[in-house]
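Descriptive structure summary
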Amino acid sequence: MKLLNDWKLVILLCLTLGLAPFFPEPHFWGKLKWIAGGANNMQPMDWFDTLMHGFPFLLLIRLIIVNFTKKDES
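Residues numbered from 1 in each chain as written. Predicted model: local features only at pLDDT ≥ 70, side-chain atom pairs only at ≥ 80, totals over all residues. Heavy atoms only, no water.

1. Remarks on the UniProt feature "transmembrane region" (unreviewed entry) in the protein chain
- Look at the UniProt record and you will see "transmembrane region" (unreviewed entry) annotated at residues 48–68.
- A helix fraction of 100% and a strand fraction of 0% characterise residues 48–68, whose end C-alpha atoms lie 30 Å from each other. (UniProt positions renumbered as here; feature names shortened; annotations may be inferred. Helix = DSSP H or I, 4+ residues; strand = E, 2+ residues; numbered from the N terminus.)

2. Some details on the environment of Asp-6
- The residue Asp-6 is located in the segment before helix H1 (7–15) in this model.
- You can call Asp-6 partly exposed: its relative accessible area is 33%.
- In this structure the C-alpha to C-alpha distance between Asp-6 and Met-45, which are 39 residues apart in sequence, comes to 29 Å. (Buried < 20%, exposed > 50% of the residue type's maximum accessible area, 1.4 Å probe, protein only.)

3. Here we look at the packing of aromatic side chains
- Inspection of every chain in the model, using the stated rule, returns one aromatic pair.
- Ring geometry for Phe-28 versus Phe-57: centroids 5.3 Å apart, planes at 15 degrees, classification stacked. Separated by 29 residues along the polypeptide, Phe-28 in helix H2 (residues 27–36) and Phe-57 in helix H3 (residues 44–73) bring together distant segments of the chain.
- By relative accessible area, which is 15% here, Phe-28 ends up buried.
- Looking at Phe-57, the relative accessible area reads 24%, which means it is partly exposed. (Phe/Tyr/Trp six-rings, centres within 6.5 Å; stacked < 30°, edge-to-face > 60°.)

4. Structural notes on the pattern of salt bridges
- Tallied over the full model, the rule gives three salt bridges.
- Between Lys-31 and Asp-46 there is a salt bridge, with the nearest N and O atoms lying 3.0 Å from each other. With a gap of 15 residues between them, Lys-31 in helix H2 and Asp-46 in helix H3 connect regions that are remote in the sequence. By the burial criterion, Lys-31 is buried, and Asp-46 matches it. (Salt bridge = Lys/Arg side-chain N within 4 Å of Asp/Glu carboxyl O.)

5. Looking at a nonpolar patch on the surface
- Together, Met-45, Phe-48, Leu-51, Met-52, Phe-55, Leu-58, Ile-61 and Ile-65 make up a nonpolar patch on the protein surface, roughly 810 Å² of accessible area in all.
- Met-45 gets classed as exposed once you look at its relative accessible area, which sits at 58%. (Patch = residues over 30% accessible without salt bridge, like charges linked within 9 Å, V, L, I, M, F, W, Y side chains within 5 Å. Areas by Shrake-Rupley, 256 points an atom, 1.4 Å probe, with all protein chains shown as cover.)

6. What to know about the environment of Leu-4
- Examined against the element boundaries, Leu-4 turns out to sit in the segment before H1.
- Judged by its relative accessible area of 31%, Leu-4 falls in the partly exposed class.
- Separated by 52 residues in sequence, Leu-4 and Pro-56 place their C-alpha atoms 9.9 Å apart.
- Once you skip the residues sitting within four places of it in the chain, Leu-4 turns out to touch Val-10, Leu-59, Arg-62 and Leu-63. (Contact = heavy atoms within 4.5 Å.)

Following this line, the structure appears as structure tokens:
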């Protein structure tokens, strides 16, 4: 559980796995645009790829929520 709460690791994952490959645009950003455009012709592998590239961002959102709710309880 310690790894999931490590800010440095989660941010590193977002900047590397979450955004790779970087050119011509971040891969995850391209997938989000594809989904926003209606997800036409998306195959199951594309959905899995979106999940894998989006997972670091989900960890970051989780970490932010956990830290802010923990401070509110104190």
